[in-house]
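Understanding the architecture of this molecule
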Amino acid sequence: MMQQDNQNTQEHASSSAFRGVKGGLKIAFLVFLVVGTVFILRKQQTMPYQHFSGQVFGTLYNITYQSDQNLEQDILDQLEKVDMTFSTFKPQSIISRINRNENVKTNQMFNEVFDLSEDVSRESDGAFDITVAPLVNVWGFGFKTGENPTPQVIDSLKSFVGFHKVHLIKNIVKKDDPRTMLDCSAVAKGYGSDAVAQVLRAKGVQNFMVEIGGEIVVSGNNEHKEPWKIGVTKPTDDSTQTSGELQTVLKMTDIGMATSGNYRKFYYKNGRKYAHTIDPKTGYPVQHNILSATVLAKTCAKADAYATAFMVLGLEKTQQVLERHPELMAYLIYTDEQGHHQIWYSKALKQKMTP
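As the structure is a prediction and not an experimental result, all values here were calculated from the model.

Calculation rules
Residues numbered from 1 in each chain as written. Predicted model: local features only at pLDDT ≥ 70, side-chain atom pairs only at ≥ 80, totals over all residues. Heavy atoms only, no water. Helix = DSSP H or I, 4+ residues; strand = E, 2+ residues; numbered from the N terminus. Buried < 20%, exposed > 50% of the residue type's maximum accessible area, 1.4 Å probe, protein only. Contact = heavy atoms within 4.5 Å. Areas by Shrake-Rupley, 256 points an atom, 1.4 Å probe, with all protein chains shown as cover. Pairing = 2+ DSSP bridges. Axes fitted to C-alpha atoms, helices over the stretch in contact; angles between N-to-C directions. Core = buried A, V, L, I, M, F, W, Y, C linked by side-chain atoms within 4.5 Å. Phe/Tyr/Trp six-rings, centres within 6.5 Å; stacked < 30°, edge-to-face > 60°.

A word on the overall build of the protein chain. Secondary structure assignment for the protein chain yields nine helices and 14 strands. Here the protein chain, with 355 residues, has 46% of them falling under the buried criterion. When contacts within the protein chain are restricted to residue pairs at least 6 apart in sequence, long-range pairs at least 24 apart make up 59% of them. Here the protein chain displays about 19,300 Å² of accessible surface, and carbon together with sulfur accounts for 53% of that area.

At Asn 171, a residue that is not glycine, the phi angle is positive and equals roughly 65°. Tracing the backbone through its elements, the reader meets Asn 171 in the loop between strand 3 (166-169) and strand 4 (172-175). Of the residues examined, Asn 171 reaches a relative accessible area of 32% and is grouped as partly exposed. Located in the positive-phi region is Lys 225, a residue other than glycine, with phi close to 60°. Inspection of the secondary structure assignment puts Lys 225 in the loop between strand 6 (215-219) and strand 7 (228-233).

A separate point is the sheet that holds strand 9 (residues 255-261). The strand order across the open sheet formed by eight strands is 1-2-5-6-9-12-13-14, and the pairing between neighbours is antiparallel. What marks the edges here is a single partner per strand, and that holds for strand 1 (49-56) and strand 14 (341-345). Recorded for the sheet is a direction-independent mean angle of 10° between the axes of neighbouring strands. Relative to strand 6, strand 5 (residues 208-212) is paired through five bridges, and the arrangement is antiparallel. If you follow Ile 212 over to strand 6, its bridge partner there is Glu 215.

Only one face of strand 7 is covered, namely the one carrying Trp 228, Ile 230 and Val 232; the face carrying Lys 229, Gly 231 and Thr 233 has none of its residues buried. Across six bridges, the pairing between strand 7 and strand 8 (residues 246-252) is antiparallel. Bridging across to strand 8, Trp 228 finds its partner in Met 252.

On to the nonpolar core. Grouped together as the largest cluster of nonpolar side chains are 47 residues, with contacts concentrated most on Phe 86, Phe 110, Leu 182, Val 187 and Phe 310. Elements with a contribution of two residues or more to this core: helix 2 (72-86), helix 3 (94-99), helix 4 (108-123), helix 7 (185-202), strand 12 (290-297), helix 8 (300-313), helix 9 (315-324) and strand 13 (329-335). Looking at this core, the element that brings in the most residues is helix 8, giving 10 residues.

Let us now look at the packing of aromatic side chains. In this description, a pair of aromatic rings is defined by centroid distance and the angle of the planes. By the definition in use, this model includes 10 aromatic pairs. Seen from their ring centres, Phe 52 and Tyr 61 are 5.9 Å apart, and the 80° between their planes marks the pair as edge-to-face. Residue classification places Phe 52 among the buried positions, given a relative accessible area of 11%. Here the aromatic rings of Phe 86 and Phe 110 are separated by 6.3 Å at their centres, their planes lie at 15°, and the arrangement is stacked. With a gap of 24 residues between them, Phe 86 in helix 2 and Phe 110 in helix 4 connect regions that are remote in the sequence. Each member of the pair Phe 86 and Phe 110 is classed as buried. In textbook terms, an aromatic cluster arises when at least three aromatic residues are bridged by ring pairs, as seen for Phe 86, Phe 110, Phe 114, Phe 163 and Tyr 191.

Structure, rendered in structure tokens:
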């Protein structure tokens with residue numbers, strides 16, 4: 001009996017010792033966690049924000065990020081990959097070779113943009129279309145023709161314009177008509193911003209702002225430990241894009257934003273204004289009342305594509321698309337029947353607007 005009591009006592013002591021060790025490990029872990037958290041927070045407070053800018057895709061870019069590493073070369077390498085995928089001005093880019101009907105395999109970047117473009121084209125009833133380049137060019141953007149196209153010319157171009165005439169099958173683009181051309185300029189800047197953001201996140205950067213030609217991705221906070229403040233430009237006839245007057249300022253974090261507007265690119269001929277946004281269905285520049293469409297989405301590429309689509313759709317059809325896609329937010333500036341500027345925005349956007 002005494003032997004059993006001794007055994008029970010030893011087992012109880014062993015159990016108590018185990019619990020003691022276990023409790024000690026928990027305390028040590030908590031202390032390590034607290035110290036580690038304090039160290040990370042202190043490091044974030046003292047870690048510098050770096051800024052650099054340059055030119056890419058025929059436009060300017062500005063990047064701000066918080067890191068003790070110089071990531072400029074990593075970012076430039078990523079931008080070069082995007083450019084060599086989508087640039088129609090580089091003969092050896094993937095899209096240029098596709099447009100020449102060469103036997104070229106697509107890469108992941110191209111596939112992602114193609115799939116997104118196909119989705120947005122379907123959801124916008126064809127308002128967004130990356131095959132519209134021939135119509136854009138003939139209206140005087142890209143390669144200037146100097147003459148307004150005739151209805152016969154428009155009809156001939158429309159015969160090979162249309163996303164449904166292009167197919168991506170196992171990394172190969174198949175065309176129903178070899179004359180069909182692809183141009184991803186309406187989504188490439190947004191995708192480029194996403195691609196840079198991907199590099200920064202992979203390097204452990206939490207706070208950053210990437211802007212390429214007005215298409216923006218933000219994450220975390222700015223240098224003042226606040227959400228990033230991004231302005232929406234007031235639409236004025238400014239083909240030089242030098243006017244900087246703002247319509248409003250949005251407080252944003254962890255989101256992509258893109259703006260499309262007829263006030264940015266246009267020309268006058270014979271007293272008439274021609275916008276750069278072409279309706280793929282009609283083949284003519286849009287005459288809708290939306291002056292600019294700013295879209296916020298999970299990715300900048302998606303925001304970029306929908307912003308272009310909304311410029312084609314007009315106010316009412318844009319609102320219908322937004323009802324079907326609550327994950328999107330939009331800030332629209334349009335003209336009413338009296339020619340006055342008016343504003344419409346998604347309800348969810350109100351909390352992001354500064355006073």
